[in-house]
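# Report on the structure
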Amino acid sequence: MLITGASRGIGLAVAERLARQGHRPISLARASTDAFPGGLHEVDLSDRAAADKALRAALAHGPVDAVVNNVGLVRPASVHEADLDDLYAVYDVTVRVAVQVVQAALPAMTAHGWVRIVNITSLVTVGRPERTAYGAAALPHPEIASAVLYLASEAASAVRGVLLPVDGGRTAV
């Protein structure tokens, strides 16, 4: 499984759970850590060319069976104060990186007959001014890791295009 941003937090929790189940996770992350239980490629994903080079290196060891887009960038501001360059940077790291990673991994996953893509985002911003995408960091990482592992598993083979809030009931009606 290829996980972006897995040197800490939710991404690292997912990688640790995978490793305990006998898998070798691969990550693209800005910072290296000895705690990562697999292959970590240190890269600034905001640099498109560097991201491409790191993806080629990560995928050179064989195809991945799932992608977890976990990396994000936060520059909180109210809409009337948001700097457009900051907005572009947030979109670039959050959206462009997710698409770039999927485009790189998809051919081998498709050929292998197993495509799993999990995009981690945050609903904590709903109805709360200036809340950031990393507001979800207050949630228990193991619970989010469990949801990711389920979505990437054979047990979820019929699950397509769902939004699965793992938020302790915050968005429950």
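Under an unreviewed UniProt entry, the protein has the name SDR family NAD(P)-dependent oxidoreductase and belongs to Streptomyces labedae. The annotation that UniProt attaches to the protein under Sequence similarities (unreviewed entry) is "Belongs to the short-chain dehydrogenases/reductases (SDR) family."

## Here we look at the nonpolar core
Where a protein is soluble and globular, its nonpolar side chains tend to be buried together. Core analysis: the largest hydrophobic core is formed by 21 residues, its most contacted members being Leu2, Leu28, Leu45, Val64, Val67 and Val101. For this core, the elements supplying multiple residues, two or more each, are β2 (26–29), α2 (48–59) and α3 (84–112). Considering every element that reaches this core, the biggest residue donor is α3, with eight residues.

## Considering the pairing of β2
Here β2 shows no split at all, with Ile26 and Leu28 on one side and Ser27 and Ala29 on the other all buried. In the sheet, strand β1 (residues 2–4) pairs with β2 via three bridges, with the strands oriented parallel. Following the sheet pairing, Thr4 is matched in β2 by Leu28. You can see the chain leave β1, run along helix α1 (residues 9–20) and come back into β2, and the turn it takes is right-handed.

## Describing a nonpolar patch on the surface
A surface patch of nonpolar side chains, about 490 Å² in accessible area, is lined by Leu84, Leu87, Tyr91, Val95 and Val99. As for its placement among the helices and strands, Val99 is situated in helix α3. Judged by its relative accessible area of 42%, Val99 is partly exposed.

## Digging into the side chain of Asn70
Within the secondary structure, Asn70 sits in the loop between β4 (67–69) and α3. On the basis of relative accessibility, which here comes to 10%, the residue Asn70 falls in the buried class. Separated by 2.8 Å, the side chain of Asn70 and the backbone oxygen of Gly5 make a polar contact.

## A look at the pattern of salt bridges
Oppositely charged side chains can form a pair if their charged atoms are brought close together. Scanning all chains against the criterion turns up three salt bridges. Among the salt bridges present, the one from Asp86 reaches Arg75, with a minimum N-O distance of 3.0 Å. Remark: Arg75 occurs in the loop between β4 and α3 and Asp86 occurs in helix α3; sequence separation between them is eleven residues. When its relative accessible area of 29% is taken as the criterion, Asp86 is described as partly exposed. A salt bridge links Asp92 to Arg96; the nearest nitrogen and oxygen atoms lie 2.8 Å apart. You can see Asp92 and its partner Arg96 sitting in helix α3, four residues apart, about one turn around the helix. As far as burial versus exposure is concerned, Asp92 and Arg96 are alike and both buried.

## Some remarks on α2
Spanning twelve residues, α2 covers 16 Å between terminal C-alpha atoms, matching the ideal 16 Å at 1.5 Å per step. Among the residues making up α2, those that are buried are Ala51, Ala54, Leu55 and Ala58. Looking straight down α2, one finds its buried side chains confined to an arc of 105°; they lie on one side. Exposed residues on α2 whose side chains face more than 90 degrees from its buried face are Ala49, Lys53 and Arg56. Where the residues of α2 are buried, they touch β1, β2, β3 (39–42) and α3. Backbone nitrogen of Ala49 and a side-chain oxygen of the N-cap are separated by 3.1 Å at the start of α2; the cap is Asp47.

## Re helix α4 (residues 141–151)
Buried within α4 are the following residues: Ile144, Ala145, Ala147, Val148 and Leu149. Where α4 is buried, its residues meet α1, β4 and β5 (117–119).

## Regarding the sheet that holds β5
Note on sheets: strands pair through backbone hydrogen bonds, and any given pair is parallel or antiparallel. Taken in spatial order, the five strands make up an open sheet running β3-β2-β1-β4-β5, and their pairing is parallel. Of all strands in the sheet, those with a lone pairing partner are β3 and β5, marking the two edges. For this sheet the average axis-to-axis angle between neighbouring strands, irrespective of direction, equals 15°. Sheet topology note: the β2/β3 ladder contains four bridges and is parallel. When the bridges of β3 are listed, Ser27 appears paired with Leu40. Contacts from α3 reach β1, β2, β4 and β5, with the element oriented near 175° to β4.

What counts, and at which threshold
- Residues numbered from 1 in each chain as written.
- Predicted model: local features only at pLDDT ≥ 70, side-chain atom pairs only at ≥ 80, totals over all residues.
- Heavy atoms only, no water.
- UniProt positions renumbered as here; feature names shortened; annotations may be inferred.
- Core = buried A, V, L, I, M, F, W, Y, C linked by side-chain atoms within 4.5 Å.
- Buried < 20%, exposed > 50% of the residue type's maximum accessible area, 1.4 Å probe, protein only.
- Helix = DSSP H or I, 4+ residues; strand = E, 2+ residues; numbered from the N terminus.
- Pairing = 2+ DSSP bridges.
- Right-handed = clockwise from strand over helix to strand, strands pointing away.
- Patch = residues over 30% accessible without salt bridge, like charges linked within 9 Å, V, L, I, M, F, W, Y side chains within 5 Å.
- Areas by Shrake-Rupley, 256 points an atom, 1.4 Å probe, with all protein chains shown as cover.
- Salt bridge = Lys/Arg side-chain N within 4 Å of Asp/Glu carboxyl O.
- Polar contact = N/O pair within 3.5 Å; in protein donor to acceptor, adjacent residues only side chain to side chain.
- Expected span 1.5 Å × (residues − 1).
- Arc of directions from axis to C-beta.
- Contact = heavy atoms within 4.5 Å.
- Axes fitted to C-alpha atoms, helices over the stretch in contact; angles between N-to-C directions.

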